[in-house]
Amino acid sequence: MSISAADVMALRGRTNLPMMDCKAALIEAGGDMDKAIEILRKKFKDAAVKRGDRETAEGRIAVYIDPAKQVGAIVELRCESAPVVKSDQFITLANNLAKQAALQNPASVEALLAQPFVDDPRHTIKDLIDEAYGLIREIMKPKRFTRFTGVLGGYGHHDGSLGVLLQVEGPAADAQLLTDVCMHIAALNPAAARKEDVAADLVAKETEIAREQIANDPKNKSKPPNILEKIIEGKLKNWFAQNVLVEQPFVKDDSKTVGQLLASAGLKMNRFIRYKVGELS
């Protein structure tokens, strides 16, 4: 079949592997990008895969937490051009939407727009957006939001491109500790919070990939089956350490995992949400 140069370049961008290998994998996979990545990972044990498809978009991520009420929300607000993202009006609007979502618990983006603004019930959220449009003359709209309750931490990148909302179990926690964990999530982009959150079919696929990698390595030809199984277990452990938050070495102190860091504070990981402007959701 015919494989476009754009697809080959996209696969190379996600795997950092040679162009011809990327093209061959796409041909073998019938043009399926995810299947091609799996083929390459089985063939090249050191293949690094960048996660997260994106669309071209401008906007801002805002995070709001009320520690007293134990509620919080993260919102993505879209706009048309990059300069607007830095404007005071747009930043204020994004922050107001996050506050509204946290305190008023709308069921959807549409419900959020129709709600009276928590700080001034004379106006709806749509009114706030229309007012900002009148000043900026650019279309703005909330793309998505997530709301958590409980013991929460949050982080918003300085340019508004990225944000994290974290939920843990336990007593009231040190705010800086939770912020540090959120910054870790922002930097490392874990695929899951805990091992039990990883889908069984994904674990099975990673096991299959590890088995294929071992089979393709001539050094393993003479090793007994029990040793090969130990190697597979080691590869899975390494995969969890790279992709599961509580198993990852903490970025500020890699002598302990994020799970150990939280446990030392009497906390247990529950869940997190990480938003980046332009992510396909």
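So, here's what we can say about the structure. Predicted model only: the values in this text are computed from it and were never measured. (Residues numbered from 1 in each chain as written. Predicted model: local features only at pLDDT ≥ 70, side-chain atom pairs only at ≥ 80, totals over all residues. Heavy atoms only, no water.)

### Section: the packing of helix H3 (residues 33-43) against helix H9 (residues 200-215)
At a closest axis distance of 7 Å, the pairing of H3 and H9 adopts a crossing angle of 40 degrees. For the element pair H3 / H9, the angle class is oblique. Facing Glu 38, Arg 41 and Lys 42 of H3, the residues of H9 in contact are Lys 205, Glu 206, Glu 208, Ile 209, Glu 212 and Gln 213. Among the residues forming the contact of H3 with H9, the class breakdown is one nonpolar, one polar and seven charged. (Axes fitted to C-alpha atoms, helices over the stretch in contact; angles between N-to-C directions. Helix = DSSP H or I, 4+ residues; strand = E, 2+ residues; numbered from the N terminus. Parallel < 35°, antiparallel > 145°, perpendicular 65-115°, else oblique. Contact = heavy atoms within 4.5 Å. Nonpolar A, V, L, I, M, F, W, Y, C, P; charged D, E, K, R; others polar.)

### Topic: the pattern of salt bridges
This structure, assessed with the given rule, holds 17 salt bridges. Salt-bridge contacts for Asp 253 lead to Lys 256; the nearest nitrogen and oxygen are separated by 3.9 Å. Judged by relative accessible area, which is 31%, Asp 253 ranks as partly exposed. Exposure remark for Lys 256: the relative accessible area of 28% places this residue in the partly exposed category. Put simply, Glu 76, Arg 78, Arg 144, Arg 274 and Glu 279 are held in one network by salt bridges that share partners. (Salt bridge = Lys/Arg side-chain N within 4 Å of Asp/Glu carboxyl O. Buried < 20%, exposed > 50% of the residue type's maximum accessible area, 1.4 Å probe, protein only.)

### Some points on the packing of aromatic side chains
By the definition in use, this model includes one aromatic pair. Each ring, one from Trp 239 and one from Phe 240, has its centre 5.5 Å from the other, and the planes form 70 degrees; the classification is edge-to-face. As far as burial versus exposure is concerned, Trp 239 and Phe 240 are alike and both buried. One cation-aromatic arrangement involves Arg 144 over Tyr 275; the distance from NZ or CZ to the ring centre is 3.9 Å. Positioned above the aromatic ring of Phe 240, the side-chain terminus of Lys 195 is 5.0 Å from the ring centre. (Phe/Tyr/Trp six-rings, centres within 6.5 Å; stacked < 30°, edge-to-face > 60°. Lys NZ or Arg CZ within 6 Å of the ring centre and 35° of its normal.)

### Things to note about the pairing of strand E4 (residues 120-124)
Both strand E3 (residues 116-117) and E4 contribute to a ladder of two bridges, which runs antiparallel. By the bridge assignment for E4, Phe 117 is matched with Asp 120. (Pairing = 2+ DSSP bridges.)

### Observations regarding H3
Along H3, the residues that are buried comprise Ala 36, Ile 37, Glu 38, Ile 39, Leu 40, Arg 41 and Lys 42. Tucked inside the fold, the buried residues of H3 contact helix H1 (5-15), helix H2 (19-28), H9 and helix H10 (225-243). You can read the cap of H3 off the contacts: a side-chain oxygen lies 3.0 Å from the backbone nitrogen of Asp 34, and it is on Asp 32. (Polar contact = N/O pair within 3.5 Å; in protein donor to acceptor, adjacent residues only side chain to side chain.)

### Some words on the sheet that holds strand E10 (residues 268-276)
A sheet is described by the order of its strands in space; here three strands give the open sequence E6-E7-E10, paired in antiparallel fashion. Strand pairing shows two members of the sheet lacking a second neighbour, strand E6 (151-156) and E10, which therefore form its edges. Averaged over all neighbouring strand pairs, the angle between strand axes comes to 15 degrees, with direction disregarded. Sheet topology note: the strand E7 (residues 162-169)/E10 ladder contains eight bridges and is antiparallel. Looking across to E10, one finds that Val 168 is bridged to Met 269.

### Focus: the side chain of Thr 15
By the element assignment, Thr 15 lies in helix H1. One polar contact links the side chain of Thr 15 to the main-chain carbonyl oxygen of Leu 11, over a distance of 2.8 Å.

### Let's talk about the sheet that holds strand E5 (residues 141-149)
Across the sheet, which stays open at both edges, the three strands sit in the order E1-E2-E5 with antiparallel pairing between neighbours. Edge positions in the sheet fall to strand E1 (58-66) and E5, since each has one partner strand and no second. Averaged over all neighbouring strand pairs, the angle between strand axes comes to 10 degrees, with direction disregarded. Bridge count for strand E2 (residues 71-79) against E5 is eight bridges, and the pairing is antiparallel. Among the inter-strand pairings, Arg 78 is bridged to a residue of E5, identified as Lys 141.

### Comments concerning unusual backbone geometry
Of note, the phi angle at Gln 70 is positive, near 55 degrees, even though the residue is not glycine. Here Gln 70 shows up in the loop between E1 and E2. If you check the backbone angles, Asn 189 has positive phi at about 50 degrees while not being a glycine. Residue placement: Asn 189 occurs in the loop between helix H8 (175-188) and H9.

The values reported here are purely geometric and, on their own, carry no functional implication.
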